[in-house]
Every structure is written in C-alpha cells, then in structure tokens.
Amino acid sequence: MLVAWKKGDESALGQLAPLVHMELQRMARRYMAGERAGHLLQPTALVNEAYLRLIDWKNVDWQNRAHFFGLAAQIMRRILVDFARARGREKRGGEGIQVSLSEAANVASRRQSADLISLDDALQSLEKLNARHARVVELRFFAGLSLKETAEALDVSVGTVRRDWSLAEAWLYRELNADKE
Amino acid sequence: MMTPERYSQISRIYHEVVELDAGERDAFLDRECGVDEELRREVLSLLKAHDKAGGYFERPAMEVAAQLLADDPDATHNTSSGRRGALSGRRLKQYEFISLIGEGGMGKVYRAHDHNLGRDVAIKVLPPEFATDRDRVSRLRTEARVLATLNHPGIGSIYDVQEEDSVSGLVLELIEGETLAERIARGPLPMEEVLKIAGQVADALEAAHEKGVVHRDLKPANIKITNDGRVKVLDFGLAKVAKPSPPASAQAEERGQDFSNLPTVVSVPGIFGTPAYMSPEQARGEPVDQRADVWAFGCILFEMLSGKRVFQGRNTTEILATVIRDEPDWTKLVRPPSGIRQLLERCLQKNPAERMPNIGVVQAALEERRNPVTAGLPRWQAATMGLMALVITLALVYLGFSYWSADTPPKIPRLAVLPLRALPPVSPESDSFADGMTEELIVGLGDLPNLTVLSATTMMRYKDNRKTPSEIARELNVEFVLESSVQISDGKIVIRSLLYKSSEDRQLWTASYEREHEKILELQRKLARDIAAQINLRLTPEDEQRLATARKVDPVAFLAYLDGRRLLHTRLPANYLTTIERLETAIKIDPQFGAARAVLAETYVYMGFAQVMPANEAYPLARKEAQTALSLEPGNADALVALARVRAEYDRDYGGAEADYKQIIQKNPNHPYVYGGYSELLIALGRFKEALAMTERNRELDPQSAESFERAAWMNYLMRKPKTAIEEWKRSIQLNPDDAMAHDELGKAYEQDGQSAEAFARYQEAAAVGGRDDDFLNALRRAYESKGLQGYWEKRLELETKEEEEAGIYFTYNRAKLHARVGNSAETLTWLEMAASENNSRLIFIGVELDFEKIRSDPRFQELLKRARLQ
C-alpha cells in the first residue's frame with residue numbers, strides 16, 4: 001500500500017504543521033478566555049486528523065497506523081520545539097533559548113510544566129542512551145497518546161511502557177532541574 | 001560518562017527498587033551496587049526525581065506551547081474582558097476603529113468609520129503576530145485583488161487596502177444584517193426562503209468561479225442576509241485563484257483580470273477551511289477546485305432545510321471522519337421536495353468526479369424548482385402566458401408543494417452493468433457479441449421503472465478491467481453492479497450473472513441462463529425480470545407483460561444488429577458506413593426487426609447532424625426507418641428519439657419536438673440518448689440553464705461520456721464563461737483525446753478568455769490530432785507568428801477552402817463560421833444562405849452562435865433566422 005507519509009516525513013510535516021499552528025492559536029485564545037484545558041482539542045486528535053488526511057484510513061492496517069503515530073510524534077516534537085524556540089528568539093532578540101513558563105492561568109494545582117527547549121535537548125541525550133525510552137516520551141508527551149496507544153505504536157506491552165515512562169520521566173526531570181538541586 | 005550500558009544497568013536496578021518498600025531499598029541497593037557508589041547515587045537521585053516529577057509531563061506539549069502563546073502579551077490583542085478589541089478607538093488614516101465585530105483564524109474584522117466619506121466600513125486586519133508573516137500578508141493582498149475583480153451584488157465589495165508598519169487591513173463594504181448561521185440557529189427555514197437564499201448564493205459563487213476563484217471556506221457564518229433580504233457572500237480570505245495556464249506569454253499579460261502575477265495562495269498543503277463544510281478531498285488535503293464549493297453549498301442547503309449540520313462530531317477528527325465516511329442522514333430533512341433531495345445528493349457526492357461539476361448546474365436545478373411551470377416552456381410562450389397563466393402557475397406551485405409534503409420518495413437505486421466477458425471458445429464474433437449484448441442488457445434494464453442504469457458508453461470503459469465490483473461501485477457511486485460472462489457454443493448461449501450490492505458488500509445473487517441462439521431476447525428479458533425481483537422493484541402490469549413476451553430472433557441478424565448499435569455509439573464518423581452495412585444486413589435477414597430499423601434511423605440522424613450526409617437526404621431516410629420501427633415495435637425509444645430529432649433539426653418544429661422529448665423522458669428516464677438531442681434543442685433556443693440541467697441528467701446516467709462534458713463546455717462558451725468551458729473541454733478531452741473538434745473548441749474557449757498563445761497551441765493540436773500534415777501546421781504557425789490570431793484564421797480559411805474545393809465537398813456552415821472569425825460579413829451571410837438552402841441541421845444554432853453576433857442586425861441574417869424559425 002502506498003500512502004503519502006511513506007514518501008518521507010517532510011511531506012507529513014507539511015501536513016501537520018499548519019494544523020498544529022492553527023490549533024495552538026485556538027487553544028491560546030481559550031486559555032485567555034479562562035477555559036479549562038480539558039475542553040481543548042488534544043494533540044492525539046490533531047495527529048488523528050493529520051492521519052485522516054494522509055491516508056485512506058479504511059485501507060490501513062494497524063502496522064501502518066502504529067508507524068504513522070511514531071512518525072507523527074517526532075514531527076509534533078519538531079514543530080512544537082521550533083515554535084517555542086521561535087517565540088524565545090523573538091522575545092529575547094535572538095540570544096537566549098530558555099523560555100520561562102508562567103503558571104497556566106487555568107491550572108488550580110501549582111504544577112510545573114516542562115520547558116520545551118531544554119526538554120528537547122535532554123531528550124536528545126536520552127535517545128543515545130535508550131532510544132525506546134525517548135520514543136515513549138515523544139509519543140506520550142508530544143503526540144498525547146495514552147499508555148495503551150503508546151504500547152501499540154511501539155509493539156511492546158503496556159507494562160513496559162509504564163516502566164519506561166516512569167524512568168524517563170524521572171531522568172528528564174533530574175536533567176532539567178539539575179541546577180536547582 | 002554515561003553509556004547505554006550504564007543506563008541499562010541503572011534502569012534495571014531502578015525498576016526493581018521502585019517496587020520495594022522504603023525499608024527494603026537500602027539493603028537491596030547494597031547488594032546490587034556493592035562498591036559502585038556512583039551507581040547507587042544515580043539510582044537514588046532518580047528515585048528522588050521520580051517522586052518530585054509527578055505530573056511534570058502531565059500537560060501535553062501542545063498545551064505547554066499554547067500557554068506560551070497565551071502568556072505572550074503581544075501575541076494577541078484580544079482581552080478576555082470583551083469584544084471591543086485592541087484597535088478600537090485607534091485611527092488608521094481616515095478610518096477610526098469603532099468595535100470588533102468578528103474574528104476568524106485569518107484576521108479580525110472591525111467596524112470603522114471613514115471620516116472622508118462619512119460612512120461606516122468594515123476593516124479586516126491581520127492579527128499582529130502575522131503582520132510580518134509574508135505568507136499571511138500576501139494572502140491578504142490576494143484577497144484584496146480577488147475581491148476587486150469580483151464585482152457582483154452577491155459578494156461584499158472592497159473599497160481600499162491599507163498597509164502601515166504594524167497594521168495591514170482591507171477596507172470592506174459593511175454589511176448590516178444577520179449571518180445565515182444566526183438565521184439557521186433560529187430554526188429551519190421555509191422552502192421559499194431557502195430557494196431564495198440558495199439561488200443568490202449560487203449566483204455569487206457562479207460569478208466567482210467564472211473569474212477562476214474558488215472560495216474554499218463557504219459556510220453559513222460567511223453568508224450575510226441584509227435586512228432587505230439580499231444575500232452577500234463574504235470572506236474570500238481562503239480563496240484560491242486558479243493557476244494561469246503554463247505558457248504565460250506576452251498576450252496573457254494584456255488581460256485585465258489575470259492573476260498570474262499573484263502568489264499562489266496555497267503555500268502550505270492542506271487544511272484550510274472549516275471542518276463541517278470541508279469537502280472530502282479538502283479534508284484529505286488534496287487539491288481542490290470549484291467542486292469543493294459545490295460541496296459546501298450542498299452542506300449549507302441541507303442545513304437551511306433541516307436546521308442541523310449535515311456532518312457533525314464532537315471534535316475536528318470526528319467531523320472529518322464523518323465527512324469522509326458517512327452518508328448524510330436524510331431523515332433529518334423533513335419531507336424535502338424530491339428535486340431538492342436529488343440536488344443535495346448530487347452536491348454531496350464524496351467523489352468530486354461524481355459531484356455536480358459546477359455551480360451553474362446547481363443554479364439550473366434550483367431555477368427549475370423555483371419555476372416549475374415556466375421552466376419547461378420556450379421563452380416566448382412563457383412571456384405571453386399572461387395573467388391567466390399566472391393563476392395556473394400559482395395553483396400548480398401550490399399543488400407542487402402539497403406533492404412535496406408527501407413522504408420522501410425512496411432513493412432510486414443505480415445499477416452498473418459491467419461489459420460481458422466472453423468465455424472460451426473466444427472468437428472475434430463472440431467478443432463483439434459480448435459487447436453488443438452488454439449494450440442490449442443495459443437498454444433492456446434501463447426500461448425498468450425506478451432504476452437508474454448507467455449507460456453503455458460509460459460502462460464500456462470498464463471492459464477488460466481488473467477492478468472488483470466494490471471498487472467499481474465506489475467509483476461510479478452505484479448500489480448494484482452486475483457482472484456477467486457469456487459463452488457461445490453449439491447453437492446455445494450461456495450467460496452467467498452475479499449481482500453485487502455495495503451497501504451490504506456482498507453478492508446478492510448469481511444465476512445462469514442457457515438458451516438457444518434464437519431465444520436470446522427471452523434470455524435478456526428473463527434476466528431483467530430476475531434482477532428487478534432482486535432489487536425489489538415493483539413492476540407495472542405492462543412491464544410484466546413486456547418482459548414476459550419475447551420474439552425469436554435470427555442469431556446472425558441479432559449479432560449484426562448488436563454490432564451496428566455498438567458502432568453507432570462510438571460516435572466516430574468513420575464508423576457510420578459500417579454501421580449502416582451491419583444494420584441493413586440485420587434487416588435483410590429479418591425485415592420485422594424493429595429495433596434494428598430504429599438504430600438505423602438514429603444513424604441517419606447522426607449523419608445528417610454531423611453533415612456527413614446532406615440533411616435533406618439523411619433526415620427523410622431517418623424518418624422513414626423510425627416510423628417503420630415503431631409500427632413493428634411500438635414505443636421503441638430509439639425510434640422515438642430519432643423522430644424527435646428529425647422534428648427539431650429538419651422540420652424545425654421546435655415546440656413539437658420538445659413535447660416529444662418530454663414524453664420520451666417521462667416514459668424512459670434512463671434512455672441516455674434522449675438527453676443529448678433535447679439539450680441541443682434547448683441550446684438552440686437559448687435556454688442554457690435548462691440545457692445544463694438536461695446535460696446533468698445525462699451525466700448521471702453516463703458519467704464517463706465525453707459527450708455531456710462537450711455539451712456543457714460549449715454552453716459555457718456560449719454563455720461567455722470561458723474558464724468553466726476550458727475545464728469542461730479538458731475533461732472531455734481526457735475521456736476522448738482523439739477528438740479533434742474538442743481540441744479546436746478548447747482553443748476557442750482560450751481565445752475567448754484572452755489567452756492567445758494557448759488558443760493557438762490548441763488549434764494546432766486539433767489539426768495534428770485531425771491528421772493534418774506538417775506543411776499545413778507550419779503554414780498556420782507562420783501566419784500566427786507574423787499576424788497573431790487574425791493571421792491564423794485568415795490562413796486557416798484559405799487552406800480549408802482550397803482543400804474543400806479540391807475534394808469537391810463543401811461544409812457550408814463551417815465555412816460561414818470561418819468567414820465570421822476572419823470578419824468577412826458578406827461571405828459569412830452568403831455561406832449561411834447556402835447552408836439554409838440545403839436545410840443544414842446546424843442552422844438551428846445560428847441564434848446563439850457568438851460568431852454571428854456581428855451580423856445579427858443585418859436584414860439578410862434576420863431573414864435567415866426566420867427561415868430557421870428562430871424568430
């Protein structure tokens with residue numbers, strides 16, 4: 001079966017990028033209107049949307065779907081990190097890449113959010129140590145997949161994903177907050 | 001230095017430790033790490049991080065990024081406190097921003113006051129974060145230029161473009177009133193209002209499409225209804241301008257409305273538009289054309305009638321999936337008039353190739369609906385109907401409405417009959433028998449009531465194909481596919497058939513028939529009866545009777561007849577003589593063979609119409625054969641069509657012919673050849689919208705026939721819609737690339753559009769396809785290069801005249817047209833008069849041909865119109 005995204009992730013990126021940017025705009029506006037995060041279109045839905053566009057989804061088997069999600073997660077990561085980087089550059093006249101994140105207006109608990117750019121760097125180091133752990137983070141955090149979906153995309157058990165996630169999360173947290181310790 | 005091996009070691013210990021209670025951890029770590037203090041520290045710090053990290057990644061990256069945007073004070077000027085908007089109170093030149101009145105992904109719209117002219121306007125501004133985005137800015141400029149060319153009462157006008165350092169905006173006509181979305185929110189609209197609004201929207205779209213502009217984001221929120229009931233289509237911000245054709249030569253730049261110097265609007269593949277109104281091709285990110293607007297129009301029409309969106313879902317993904325996958329829920333429409341329901345079905349075809357090809361056709365269908373009585377009458381009759389007629393009209397409209405309020409008529413199923421496969425022993429004879437039998441089956445099944453059977457022209461394209469019935473069903477949008485094989489041996493014919501039902505994705509039924517050769521008609525009718533039973537068609541007693549009786553036929557005569565019929569419908573002039581030979585053979589063997597005589601009559605009509613045989617020989621022969629056929633086989637549709645054509649094209653009894661056509665359509669709505677003749681008559685009478693509607697019906701039966709595209713193309717050309725005409729010609733050429741005439745006409749459409757170079761290229765292509773030699777082509781090229789198209793036409797007239805004189809054949813009507821192109825009025829008239837004296841069938845078109853407009857007021861031309869009974 002010939003599907004568009006097999007031709008390479010550049011075209012898939014082209015498909016996904018405008019979707020993501022439009023959705024970001026929409027989400028940002030809702031944040032400002034004080035809406036809760038739960039009402040927002042989730043990244044999975046975006047990936048699904050891109051997926052629908054790229055392939056005749058009736059004819060797709062699970063293998064390809066899994067492959068697609070893997071690819072889409074990587075693309076989401078690139079788009080979002082580029083986005084954060086571009087905004088950072090605008091704000092700081094091109095010098096810094098650290099972007100401070102203020103607390104989400106709508107989040108009641110004082111939860112920290114990951115800094116996308118530092119996270120991307122840390123993830124690159126993690127990739128070299130254990131590629132699957134990095135994939136799990138990509139699928140969960142960037143593409144918004146559930147544990148089960150992540151397991152299917154990687155063709156491993158849910159237990160494995162949970163364990164990978166637990167360690168990767170701890171690892172990345174430690175890397176990102178090393179200077180605060 | 002951290003290595004993968006080290007990481008994996010840490011990982012293993014970490015996972016085990018995590019599972020342990022706090023009390024057991026130390027002992028475990030002592031055991032596992034031993035003296036490797038470093039390892040121990042790693043694991044411990046990770047455990048600590050794990051406890052703190054809870055929820056660190058809980059918010060997906062998307063939300064984090066969106067938050068970035070939301071927290072950025074410069075990113076948007078929208079304040080949560082209200083709709084005043086950041087620019088309110090500010091001034092841009094003479095414009096003072098008053099309030100924010102609307103907002104979309106592409107920009108915000110403010111009400112502003114123009115202090116110079118003392119009026120309120122609407123100003124659409126780019127969001128500041130995009131003010132420096134070259135893509136957005138160029139899209140805004142494109143919108144401005146698109147609007148500037150679209151001067152139509154149904155489209156909001158543009159007054160001005162403003163560009164200052166930080167603010168770029170369009171100054172637009174301020175349209176007060178509610179949007180269609182707001183109107184629909186109050187509930188479904190009454191039928192009259194729906195027709196009124198739909199008609200105006202279609203009108204505006206038609207104007208845009210004719211300029212090569214596709215809206216791409218048509219939705220109720222982009223349609224405004226003014227307080228006095230006028231409709232305005234807004235927001236061309238996503239509009240796409242058709243790309244100019246490749247060789248943009250010097251001539252092309254002279255055109256006033258050329259968009260070739262604009263950037264292409266779609267720089268990112270994909271996803272523009274609003275999901276609920278997005279066509280399936282748009283949703284898939286495929287390129288779109290005007291048919292995407294036709295789709296959106298269908299969605300809007302549905303929504304006006306039902307008060308509900310056709311395609312719904314909880315989120316974009318779900319909506320898009322519905323758009324791509326699901327049929328509209330027709331039960332949401334409370335008793336729609338049948339015509340409207342059909343119109344909706346044609347607009348909401350998932351496959352753009354199956355959809356109403358352009359909004360003009362939709363317009364025609366709406367008009368028919370709005371004007372149920374007058375639409376069927378010639379213009380002059382309609383005009384003289386007077387008051388009495390008005391009363392009748394109202395009564396009929398009333399009756400029409402009460403008819404509509406009856407239950408929705410069930411959907412008429414569509415059946416595709418695949419070409420029969422000849423099984424061994426295969427001979428050229430069995431192959432042509434299989435083809436002929438295919439057509440015969442199609443015609444026979446086409447007589448069944450309440451069933452649409454796709455025509456043979458379309459189906460023969462599936463000969464020798466390897467597609468599965470389900471693929472074919474999808475491609476042709478049919479509910480049923482009949483696949484059959486035929487085997488001829490020892491005087492017997494065996495036909496095996498399989499009926500596939502697409503909605504259940506299964507073989508509904510299979511059967512095998514064996515008959516003596518001479519009982520082939522009996523076999524055909526039995527098959528038709530069985531299929532009717534399988535599809536649950538209710539047959540009238542007359543149908544039952546007709547299908548129960550079948551005369552015996554001589555196998556050789558039958559084969560000759562099938563052959564002749566098939567050859568005729570290839571519509572290649574070169575085949576006409578063979579056709580006649582085959583049919584005469586059939587009639588010689590079996591003089592009572594009415595069907596063969598009917599096809600012979602049709603052949604003569606075609607020959608007269610194509611000027612292959614002089615009209616005053618061809619048409620009388622056609623009449624004689626048709627009448628004999630009808631005496632042998634009353635009600636034979638082929639014979640009836642032939643007679644109607646004789647009436648229109650030779651007797652010039654237009655009213656009588658129209659009545660004939662209507663009667664045939666009523667009795668045989670599936671007979672594809674009736675629509676061709678009728679459309680041509682309507683064109684001759686200048687009733688283009690009705691002709692388009694007929695062509696459209698033809699296209700439903702015969703989606704792959706070049707003929708209906710040709711006719712639609714020609715009509716658009718006559719209506720001076722070159723862009724649409726070009727598209728239709730291209731499609732017709734795709735289906736029938738060897739048709740020199742189509743290339744030639746495509747050239748004329750380009751010429752009408754002002755694209756000289758492209759026009760010349762097509763003329764040359766036509767000549768090449770038509771088998772002209774290099775000398776001919778070169779002579780024309782030199783003429784064109786030195787004197788442009790005028791030179792070209794002069795040369796062509798000269799060459800064709802010489803050719804005809806050498807051959808001693810005169811195509812009078814064509815010669816008149818050539819002279820008209822060159823500008824020789826006197827010669828044009830002379831040749832037209834010669835055409836009239838031979839009663840040339842083409843004379844029925846002189847009232848609408850654009851070539852003759854210049855000489856229209858000449859008394860000689862007026863006399864010609866009288867002779868052609870067009871005045």
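Residues numbered from 1 in each chain as written. Chains lettered and ligands numbered in written order. Predicted model: local features only at pLDDT ≥ 70, side-chain atom pairs only at ≥ 80, totals over all residues.

### Describing the overall build of chain A
- Broken down by element type, chain A carries 7 helices and 0 strands.
- Ordered by position from N to C terminus, the α and β elements of chain A give α-α-α-α-α-α-α.
- Residues classed as buried in chain A amount to 42% of the 181 residues present.
- Residue pairs in contact within chain A that sit at least 24 positions apart in sequence constitute 67% of those at least 6 positions apart. (Helix = DSSP H or I, 4+ residues; strand = E, 2+ residues; numbered from the N terminus. Buried ≥ 20, exposed ≤ 12 C-beta atoms within 10 Å, placed from the backbone. Contact = placed C-beta atoms within 7 Å.)

### With respect to the overall build of chain B
- From N to C terminus, chain B includes 35 helices and 17 strands.
- Taking contacts inside chain B between residues at least 6 apart in sequence as the whole, the part at least 24 apart equals 60%.

### Re unusual backbone geometry
All names here are of chain B.
- Phi is positive for Arg-216, which is not a glycine, with a value near 70°.
- Residue classification places Arg-216 among the buried positions, given that 25 C-beta atoms sit within 10 Å.
- Positive phi outside glycine occurs at Asn-839, with the angle close to 55°.
- Along the chain, Asn-839 turns up in the loop between α34 (825-837) and α35 (859-867).

### Observations regarding the sheet that holds strand β9 (residues 223-225) of chain B
Residues and elements named next belong to chain B.
- In space, the 3 strands of this open sheet follow the order β7-β9-β10, with antiparallel pairing throughout. What marks the edges here is a single partner per strand, and that holds for β7 (178-179) and β10 (231-233).
- Direction of pairing for β7 relative to β9: antiparallel, over a ladder of 2 bridges. Opposite Glu-178, over in β9, you have Ile-225 as the bridge partner. (Pairing = 2+ DSSP bridges.)

### Regarding the packing of α34 of chain B against α35 of chain B
Residues and elements named next belong to chain B.
- One can describe the packing of α34 onto α35 by two numbers: an axis separation of 10 Å at closest approach and a directional angle of 20°. Between α34 and α35, the interaxial angle falls into the category roughly parallel. Crossing angle aside, the handedness with which α34 passes α35 is left-handed. Taking contact as the criterion, the partners of Leu-829, Leu-832, Glu-833 and Ala-836 in α34 are, on α35, Arg-860, Phe-861, Leu-864 and Arg-867.
- Taken together, the residues of the contact of α34 with α35 break down into 5 nonpolar, no polar and 3 charged. (Axes fitted to C-alpha atoms, helices over the stretch in contact; angles between N-to-C directions. Parallel < 35°, antiparallel > 145°, perpendicular 65-115°, else oblique. Left-handed = near helix turned anticlockwise from the far one by under 90°. Nonpolar A, V, L, I, M, F, W, Y, C, P; charged D, E, K, R; others polar.)

### Notes on the nonpolar core
- Counting 223 residues, the largest nonpolar core has Ile-123, Val-201, Phe-297, Val-362 and Tyr-561 of chain B as the members making the most contacts within it.
- In this structure, Leu-172 of chain A together with Ile-10, Ala-53 and Ala-61 of chain B belong to the second largest nonpolar core, which totals 42 residues. (Core = buried A, V, L, I, M, F, W, Y, C linked by C-beta atoms within 7 Å.)

### Here we look at the confidence of the model for chain B
Residue and element names in this part refer to chain B.
- For chain B, per-residue confidence averages 80 on the pLDDT scale, and residues scoring 70 or more make up 85% of the total.
- Of all secondary-structure elements in chain B, the lowest mean pLDDT belongs to helix α14 (residues 386-404), at 38, while helix α24 (residues 637-651) reaches the highest, 94.
- Under the prediction, the complex receives an ipTM of 0.73, its pTM being 0.52. (pLDDT = per-residue confidence, 0-100.)

### Structural notes on helix α5 (residues 131-142) of chain A
Residue and element names in this part refer to chain A.
- The terminal C-alpha atoms of α5 lie 16 Å apart, and with 12 residues this matches the ideal 16 Å at 1.5 Å per residue to within 8%.
- With 10 of its 12 residues buried, α5 lies for the most part within the structure.
- Considered for burial, the residues of α5 that qualify are His-133, Ala-134, Arg-135, Val-136, Val-137, Glu-138, Leu-139, Arg-140, Phe-141 and Phe-142.
- Directly beyond the C-terminal end of α5, a positive phi value near 70° is found at Gly-144. (Expected span 1.5 Å × (residues − 1).)

### Digging into helix α17 (residues 469-476) of chain B
Residues and elements named next belong to chain B.
- The complete set of buried residues in α17 reads Pro-469, Ala-473 and Leu-476. Seen from one end, α17 has its buried residues packed into an arc of 85°, which puts them on one side.
- At its buried positions, α17 is contacted by β12 (414-417), β15 (480-489) and β16 (492-501).
- Remark: Asn-477 follows α17 within two positions and exhibits a positive phi of approximately 55°. (Arc of directions from axis to C-beta.)

### Brief notes about the confidence of the model for chain A
All names here are of chain A.
- Here chain A averages 63 in pLDDT, and 43% of its residues register 70 or above.
- Taken as a whole, residues 34-42 scores under 50 in pLDDT and shows 19 contacts with residues more than four places along the chain or in a different chain.
- The low-confidence segment residues 89-114 (pLDDT under 50) makes 39 contacts with residues lying over four places distant or belonging to another chain.

### Overview of the packing of helix α7 (residues 191-210) of chain B against helix α9 (residues 290-306) of chain B
Residue and element names in this part refer to chain B.
- Here α7 crosses α9 at 170°, and the two axes come no closer than 11 Å. The angle between α7 and α9 falls in the class roughly antiparallel. Contacts between α7 and α9 involve Val-194, Ile-197, Ala-198, Val-201, Ala-202, Leu-205 and His-209 on the former and, on the latter, Gln-290, Asp-293, Phe-297, Ile-300, Leu-301, Met-304 and Leu-305.
- For the contact of α7 with α9, the per-class residue count stands at 11 nonpolar, 2 polar and 1 charged.

### Brief notes about the environment of Leu-799 of chain B
Residues and elements named next belong to chain B.
- Note that Leu-799 resides in helix α32 (residues 774-807).
- Classification of Leu-799 as partly exposed rests on a count of 17 C-beta atoms within 10 Å.
- The spacing of Leu-799 and Phe-776 is 23 residues in sequence and 7.8 Å in space, taken between C-alpha atoms.
- Those residues in contact with Leu-799 that lie beyond four places of it in its chain are Phe-776 and Ala-779.

### Re the pairing of β12 of chain B
All names here are of chain B.
- Where β12 and strand β14 (residues 452-453) come together, 2 bridges link them in parallel fashion. Considered in β14, the bridge of Arg-414 is made with Thr-452.
- Where β12 meets β15, 3 bridges bridge the pair, whose relative direction is parallel. Its bridge partner being in β15, Ala-416 is matched across the sheet by Val-481.

### Brief notes about the pairing of strand β4 (residues 119-125) of chain B
Residues and elements named next belong to chain B.
- Within β4, 5 of the 7 residues are buried, which leaves the element mostly enclosed by the surrounding structure.
- When β4 meets strand β6 (residues 168-173), the two strands line up antiparallel, connected through 5 bridges. Bridge pairing in β6 places Val-125 opposite Gly-169.

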